[in-house]
Amino acid sequence: MGVLEALAIAGGGVAAGAINAMVGSGTLITFPLLLAFGYAPVTANVSNTIGLVPGSLSGVYGYRRELEGQRARTTRLAIASVLGGIVGAVLLLELPAGAFKRIVPIFIGIALVLVLVQPRLSRRLAARRAAAPEHGGPLTLAGLFACGVYGGYFGAAQGIIIVSMLGITLNERLQRINAVKNVLAMLTNLVAALIFIAVAHVAWGAAVLIAAGSIAGGQIGAHVGRRLPPLALRGVIVAVGVAAIVKLVG
C-alpha cells in the first residue's frame, strides 16, 4: 500500500466517521473507496465494517449527554439490533451481495420519506405514542431487528433508517433519537465485525486506517451534529440520503 492510498483511506475514514455520527451512511464513502483501490467487494465490506466500529464508539461518546436517562430504553432496543446484526453478517458470508444491494435504494428512499413526514406523523400519533411503551413496542423491535439484518449485511444508510423509524415510534426529541441511533448502529457493526474477524478475510491495513480516521471523524460529527437544530439536522439527513441513493443507483 502506497502513501497516497493510505492517506486517502484514512481521510475517507474521517469523513465516514463524521457522517455516521451525524446521520449515518459513512459506508458510502469508505466502501467505494476500497473498491476503487482494488479490494474485492466482500473483503472491502468486511474490512470497512471492522474499521468503522471505533468511529461509531467515538460518535456514541460524543453524544453521551443526549443518552442520559435512556439506558433502559437503549438496552431493550439494542437486543433487537444485535440479533439482526448477527443474522445479517452471516447472510453476507453465505449469500451473493447483488440481490440484497438492489433493494438498498428502496430502503433509503422509504426512510427519507419517513424523515420528511415524521413531524406531521408525530403530531397525529401523539396520543398513541404517549400510551405506548418507552421503547416503542413490538413493531419498533421488529423493525430494528430487520434494520440490524440490513446493517450486518451491508449497512449503507442504516442510521437514516433507524432515525426515521424511532422518530415516528418514540416520543422523543430528534437529537436524543440520533444519540440512540449511534448506539444501535455501533452495536450492529460490532457484532458483525466480531463474526467477520473470526471467519472472513480482512484487509487489516485498510481496516486500521479507516479505524484511525473514523475515531477523529466521530468526534467531529458529534460536535457539529449536536449543535444543529432539528430542521437543519433533518435537512442533512435528507441530503445525505439522496446522495446515497444516487451513488447506489449510479
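In this text the structure is predicted, and so the values were computed from the model without any measurement.

This part is about helix α9 (residues 158–169). The end-to-end C-alpha separation of α9 is 17 Å, in line with the 16 Å expected for 12 residues at 1.5 Å each. α9 sits mainly inside the fold: 11 of its 12 residues count as buried. Of all the residues in α9, the buried ones are Gln158, Gly159, Ile160, Ile161, Ile162, Val163, Ser164, Met165, Leu166, Gly167 and Ile168.

Side chains of Ile79, Leu83, Ile86, Val87, Val90 and Phe145 sit close together on the surface and give an oily, nonpolar patch of about 470 Å² of accessible area. Ranked by the residues each element gives to the nonpolar patch, the list is headed by helix α4 (residues 71–94), at 5 residues. Mapped onto the secondary structure, valine 90 falls in helix α4. When its relative accessible area of 39% is taken as the criterion, valine 90 is described as partly exposed.

Glancing now at the environment of leucine 184. Among the secondary structure elements, leucine 184 is positioned in helix α10 (residues 174–199). Distance from leucine 184 to threonine 74, taken between C-alpha atoms, is 7.8 Å for residues 110 residues apart in sequence. Once you skip the residues sitting within four places of it in the chain, leucine 184 turns out to touch Thr74, Leu77, Ala78, Ser81, Leu144, Gln158, Ile162 and Leu166.

In this structure the tally under the stated criterion is 3 salt bridges. Among the salt bridges present, the one from glutamate 172 reaches arginine 73, with a minimum N-O distance of 3.0 Å. In this pair, glutamate 172 is assigned in the loop between α9 and α10 and arginine 73 in helix α4, connecting sequence segments 99 residues apart. Assessed through its relative accessible area of 7%, arginine 73 is described here as buried. The salt bridge involving glutamate 172 is made with arginine 176; its shortest N-O contact spans 3.0 Å. Since its relative accessible area comes to 22%, glutamate 172 is described here as partly exposed. It is possible to trace a salt-bridge network through shared partners that takes in Arg73, Glu172 and Arg176.

What follows deals with the nonpolar core. Core analysis: the biggest nonpolar cluster contains 46 residues, and Leu144, Leu166 and Leu184 have the highest contact counts within it. Going through the elements one at a time, α1 (3–22), α2 (27–36), α3 (41–62), α4, α8 (138–153), α9, α10 and α11 (204–225) are the ones with two or more residues in this core. When residues in this core are grouped by element, the largest group, 10 residues, is from α10.

As a further point, take the environment of glycine 218. Tracing the sequence through the fold places glycine 218 in helix α11. When residues no more than four places from it in sequence are discounted, the contact partners of glycine 218 are Gly17, Ala18, Ala21, Gly55, Ser58 and Gly59.

Let's shift gears to the packing of α1 against α11. The N-to-C vectors of α1 and α11 enclose an angle of 35 degrees; their axes lie 5 Å apart at closest approach. Relative to α11, the crossing made by α1 is right-handed. Contacts from Ala6, Ile9, Ala10, Gly13, Val14, Gly17, Ala18, Ala21 and Met22 in α1 reach Ala206, Leu209, Ile210, Gly213, Ser214, Gly217, Gly218, Ile220, Gly221, Ala222, Val224 and Gly225 in α11. The residue makeup of the contact of α1 with α11, split by class, is 13 nonpolar, 8 polar and no charged.

Moving on, we get to the packing of aromatic side chains. Counted according to the given criterion, the structure contains 0 aromatic pairs. Lying across the ring of tyrosine 61, arginine 64 places its NZ or CZ 4.0 Å from the centre.

In this section: the packing of α9 against α10. Two elements in contact, α9 and α10, have axes separated by 9 Å at closest approach and are oriented at 135 degrees. Classified by the angle their axes make, α9 and α10 are oblique. At the point where α9 passes α10, the crossing takes the right-handed sense. For the pair α9 and α10, contact is made by Gln158, Gly159, Ile162, Val163, Leu166 and Gly167 and by Leu174, Ile177, Asn178, Val180, Lys181, Leu184, Ala185, Thr188 and Asn189, respectively.

One can find asparagine 48 in helix α3. Those residues in contact with asparagine 48 that lie beyond four places of it in its chain are Thr27, Thr30, Phe31, Leu34 and Ile210.

Once that is clear, we can look at α2. Within the sequence span of α2, burial applies to Thr27, Leu28, Thr30, Phe31 and Leu34. Just past α2, the residue glycine 38 takes up positive phi, approximately 95 degrees.

Definitions and cut-offs
Residues numbered from 1 in each chain as written. Predicted model: local features only at pLDDT ≥ 70, side-chain atom pairs only at ≥ 80, totals over all residues. Heavy atoms only, no water. Helix = DSSP H or I, 4+ residues; strand = E, 2+ residues; numbered from the N terminus. Expected span 1.5 Å × (residues − 1). Buried < 20%, exposed > 50% of the residue type's maximum accessible area, 1.4 Å probe, protein only. Patch = residues over 30% accessible without salt bridge, like charges linked within 9 Å, V, L, I, M, F, W, Y side chains within 5 Å. Areas by Shrake-Rupley, 256 points an atom, 1.4 Å probe, with all protein chains shown as cover. Salt bridge = Lys/Arg side-chain N within 4 Å of Asp/Glu carboxyl O. Contact = heavy atoms within 4.5 Å. Core = buried A, V, L, I, M, F, W, Y, C linked by side-chain atoms within 4.5 Å. Axes fitted to C-alpha atoms, helices over the stretch in contact; angles between N-to-C directions. Left-handed = near helix turned anticlockwise from the far one by under 90°. Nonpolar A, V, L, I, M, F, W, Y, C, P; charged D, E, K, R; others polar. Phe/Tyr/Trp six-rings, centres within 6.5 Å; stacked < 30°, edge-to-face > 60°. Lys NZ or Arg CZ within 6 Å of the ring centre and 35° of its normal. Parallel < 35°, antiparallel > 145°, perpendicular 65-115°, else oblique.

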